[in-house]
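# Fold and contact review
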Amino acid sequence: MKTEDLALFHRIAETGSLIEAADLLNLPKSTVSRRLQALEDELNIKLFHRQSRSMTLTSAGSHFYQRSQKILAQLDETLFEMTNDDAEISGHLRIQMFPIHSMNVLMRAIFRFMDLHPRLTVEVISSAESIDMVKNNLDVAFVVEPALDTLDLVVRPVFTTDLRFYASPEYLAKHGTPKTPQEIESHNVSLFRLSNGKIFNELWIGAEQEVRVRGNFCSNSVEVAVEFALQGRGIVYAPAEVVVDFVEAGELISLLPEIEAHQGECYLAYPSRRYVSLASRRFIDFIMQELAPNGMPTNMSEVSPRRVCKASKEAFPNDDLRFRR
């Protein structure tokens, strides 16, 4: 039995479709079908119930999936232990990138990792959609706090950012300057909508205060929301490093400056219900060393205390955080 055929079986089981598995693996459907049939013949068991649009595991296939998952994990663990940190790795990494303001920082880190491992191929998908990482064959993802409640992931914080409310002098002259967090709730605030339909409108001020905002404009881009504020149309909730030039130029004014900025967090995430490949583990270790040395996430704005999340009790590694569906 070939290891690659076992991995192919897992892709079909996780996508529930021969066509989707073939697309993810960049193989002809006929090749995937032939290799699956050869695996079933070798095992002398039927692994799937084949239907016109989907494939579901048989009871024997489900049992084989669970047991072989441990086999693949143990194999990868052995390879991980046998190779040193400087050993070149190969394979393919699929990375989902939430469209965040610090994407350029993450991309530079990804490119440095690729330079260390020239035989590795990398695919980056920019999307704010909360998708099933296992079904879509994603190895790792970079996500932000609002997207976590719909995912079954192990996540590790990689950087933080200072989040505040900002508005233009023109807007404040016309509508007044809010003096308390509660007053912001009566203003026109740019909203953020995730692709799953959820509107990000419950916002933190400092470490403990939360406000529920409303407005006549919604976007899934921080830069677009900042432009909304620059045009004097309302208030924007944005990372400090995104608006620093506009604040210094007097085009935007920081609201409630006496209150400490809220520390938003970005996480590196990977599926909790699938084994982690050697390439993924090396990448995770590299990113954590680059962006969170000594376990402390990089603060993209000014360094300040941040809210502490509860650490997971599960193994690998000790500073993981786990969010379940």
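Conventions used here
Residues numbered from 1 in each chain as written. Predicted model: local features only at pLDDT ≥ 70, side-chain atom pairs only at ≥ 80, totals over all residues. Heavy atoms only, no water. Helix = DSSP H or I, 4+ residues; strand = E, 2+ residues; numbered from the N terminus. Buried < 20%, exposed > 50% of the residue type's maximum accessible area, 1.4 Å probe, protein only. Contact = heavy atoms within 4.5 Å. Areas by Shrake-Rupley, 256 points an atom, 1.4 Å probe, with all protein chains shown as cover. Core = buried A, V, L, I, M, F, W, Y, C linked by side-chain atoms within 4.5 Å. Pairing = 2+ DSSP bridges. Expected span 1.5 Å × (residues − 1). Axes fitted to C-alpha atoms, helices over the stretch in contact; angles between N-to-C directions. Parallel < 35°, antiparallel > 145°, perpendicular 65-115°, else oblique. Nonpolar A, V, L, I, M, F, W, Y, C, P; charged D, E, K, R; others polar. pLDDT = per-residue confidence, 0-100.

So, on to the overall build of the protein. The helix and strand tally for the protein stands at 10 helices and 16 strands. Taking all 325 residues of the protein together, the buried fraction comes to 48%. Partitioning the contacts of the protein with sequence separation of at least 6, the portion at a separation of at least 24 is 76%. Carbon and sulfur atoms provide 50% of the accessible area of the protein, an area that totals close to 16500 Å².

Bringing the nonpolar core into the picture now. Counting 33 residues, the largest nonpolar core has Phe142, Val158, Leu268, Phe283 and Ile287 as the members making the most contacts within it. Of all the elements in the fold, those that place two or more residues in this core are strand 3 (91-97), helix 5 (103-116), strand 5 (140-144), strand 6 (153-167), strand 14 (262-271) and helix 10 (278-291). No other element matches helix 10, which puts eight residues into this core. Setting aside residues no more than four positions away along its own chain, leucine 268 makes contact with Val140, Ala141, Phe142, Val154, Val155, Arg156, Val158, Phe283, Ile284 and Ile287. In terms of nonpolar packing, the next biggest core, distinct from the first, is built from 17 residues, Leu191, Ile235, Tyr237 and Leu256 among them.

Moving on: the sheet that holds strand 8 (residues 199-200). Strand order in the open sheet formed by three strands is 8-7-11, and the pairing between neighbours is mixed. Each edge of the open sheet is held by one strand with a lone partner, namely strand 8 and strand 11 (218-219). One ladder, built from two bridges, connects strand 7 (residues 191-193) with strand 8; its direction is antiparallel. Residue pairing across strands places phenylalanine 192 opposite phenylalanine 200, the latter belonging to strand 8.

So, about the environment of serine 33. Structurally, serine 33 is set in helix 3 (residues 29-43). The class of serine 33 is partly exposed, set by a relative accessible area of 34%. Separated by 21 residues in the primary sequence, serine 33 and isoleucine 12 place their C-alpha atoms 9.9 Å from one another.

Given a rise of 1.5 Å per residue, 14 residues ought to cover 20 Å, and the 20 Å separating the end C-alpha atoms of helix 5 matches this to within 8%. Close packing links the buried residues of helix 5 with strand 3, strand 4 (120-126), strand 5, strand 6 and helix 10.

For the pair helix 1 (residues 3-15) and helix 3, interaxial distance at closest approach is 10 Å and the crossing angle is 110 degrees. One way to sum up the angle between helix 1 and helix 3 is to call them roughly perpendicular. Residues Glu4, Asp5, Leu8, Phe9 and Ile12 of helix 1 form the contact with helix 3, whose participating residues are Val32, Arg35, Leu36 and Leu39. Within the contact of helix 1 with helix 3, the residues separate by chemical class into six nonpolar, no polar and three charged.

Predicted coordinates in areas of low pLDDT are best not read in detail. In this model, the protein carries a mean pLDDT of 82, and residues with pLDDT of at least 70 account for 84%. Per-element confidence in the protein ranges from a low mean pLDDT of 44 for strand 16 (residues 321-323) to a high of 97 for helix 6 (residues 169-175). Counting contacts from residues 302-325, a segment whose pLDDT is below 50, to residues more than four positions away or on other chains yields 61 contacts.

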